[in-house]
Amino acid sequence: MTSVAQRRLTRSEADVDRVTERLERDGFAIVEGFLSQEEVAAKRADLRRVLEEVPAGRNEFEGFDTRRIYAFFAKTRSFDAEAIDPLVLGVLERTLGPAQLSAPVGISIGPGESAQPLHRDDGIYPLSDPKPELVVNTMWALDDFTEANGATRVVPGSHRWSGPPDTEPETVAAVMPAGSVMFFLGSLLHGGGANTTDRARLGVILHYCAAWLRPQENHVLGVPRRVVRDLPEPLQELLGYGVYGPFVGNVDGRHPRKYLTTEPS
Ligand SMILES: O=C(O)CCC(=O)C(=O)O
């Protein structure tokens, strides 16, 4: 079997067809060199600023030595462009149809953190198999993701399994250089890895779901309207100011975008 490193796509190889093929085959697809090292450095610096105010996790799932930036688009402008990158939007459209942001989170896995329990991100929705794909994630590496520092662990092919695995399945580390992005399906078993190094591992997960589902985080309350007003329209839509036709998401019978300009913050 080829290693994760051998399976990575370069930026120029990555298009919607190739990424979608990998998602269907393996449940994940890594594109390296998506961000330049200058972009990585700028994003990391901005997120470090935000992380100073963020407490450590409260349970095994969040990680007691891990800090998470929730209400992400209220706190940083560093991923506005990536959230609506044409490759990302193309993969979402192909896999989910109309989509929205569900849980955009900066994740800094601290030294000494243990591995997060394996999970499926679509497991939060009470639907039984067979079900359509409901969730697509993009995990952006702002540090090199290594076996040692807590690279996300994935179970290749597990998106095709039905129901919970009966034994502890074999995982592989999604090792990738800083500036890479890993797409993965919400049906894929995965979890943050253990960090046995003395430095934190920083990544940003932009987690999307089908536009007709309730997203994990309530962005309409979490991201102030005065912030959303200045964002590009496709990002506004992904943050809840859109309608899944013909009616889902309307406000008093109107498109929610109208409230961005007419209502106070
Ligand atoms: O940090 C990671 O590598 C993965 C985190 C994750 O899967 C989650 O928090 O749901």
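Report on the accompanying structure.

## A word on the overall build of the chain
Okay, so step 1: From N to C terminus, the chain includes nine helices and ten strands.
Okay, so step 2: For a compact globule of 265 residues, the expected C-alpha radius of gyration is about 18 Å, and the chain comes in at 18 Å, within 12% of that figure.
Okay, so step 3: Dimensions of the chain, computed from C-alpha atoms along their principal axes, come out at roughly 55 × 45 × 40 Å.
Okay, so step 4: Relative to its full complement of 265 residues, the chain shows a buried share of 51%.
Okay, so step 5: Taking as baseline every contact in the chain between residues at least 6 positions apart, the subset at least 24 positions apart corresponds to 78%.
Okay, so step 6: When the accessible surface of the chain is totalled, it reaches about 12500 Å², and 52% of it is carbon and sulfur.

## Considering helix α1 (residues 16-26)
Okay, so step 1: Taken together, the buried positions of α1 are V16, V19, T20, R22, L23 and D26. For α1, the angular spread of the buried residues around the axis is 160°, confining them to a single face. Opposite the buried face of α1, by more than 90 degrees, sit the exposed residues E21 and E24.
Okay, so step 2: Against the buried residues of α1 lie β1 (9-10), β2 (28-32), α5 (86-96) and β8 (181-185).
Okay, so step 3: Once α1 finishes, G27 follows within two positions and takes phi at roughly 95°, a positive value.

## Remarks on the sheet that holds strand β6 (residues 153-154)
Okay, so step 1: The antiparallel open sheet is built from three strands, whose spatial order is β7-β6-β9. Each having just a single partner strand, β7 (172-173) and β9 (190-191) make up the two edges of the open sheet.
Okay, so step 2: By the bridge criterion, two bridges tie β6 to β7 in an arrangement that is antiparallel. For R153, the partnering residue across the bridge sits in β7 and is A173.

## A short note on the sheet that holds strand β3 (residues 66-69)
Okay, so step 1: Strand order across the open sheet formed by seven strands is β1-β2-β8-β5-β10-β4-β3, with mixed pairing between neighbours. Each edge of the open sheet is held by one strand with a lone partner, namely β1 and β3.
Okay, so step 2: Pairing geometry for strand β4 (residues 99-109) and strand β10 (residues 201-210), over ten bridges, is antiparallel. Its bridge partner lying in β10, I109 is registered against R201.
Okay, so step 3: Against the sheet, α5 engages β4, β5 (135-141), β8 and β10, with an angle of about 155° to β5.

Parameters and conventions
Residues numbered from 1 in each chain as written. Predicted model: local features only at pLDDT ≥ 70, side-chain atom pairs only at ≥ 80, totals over all residues. Heavy atoms only, no water. Helix = DSSP H or I, 4+ residues; strand = E, 2+ residues; numbered from the N terminus. Rg over C-alpha atoms; globule rule 2.2 N^0.38 Å. Buried < 20%, exposed > 50% of the residue type's maximum accessible area, 1.4 Å probe, protein only. Contact = heavy atoms within 4.5 Å. Areas by Shrake-Rupley, 256 points an atom, 1.4 Å probe, with all protein chains shown as cover. Arc of directions from axis to C-beta. Pairing = 2+ DSSP bridges. Axes fitted to C-alpha atoms, helices over the stretch in contact; angles between N-to-C directions.

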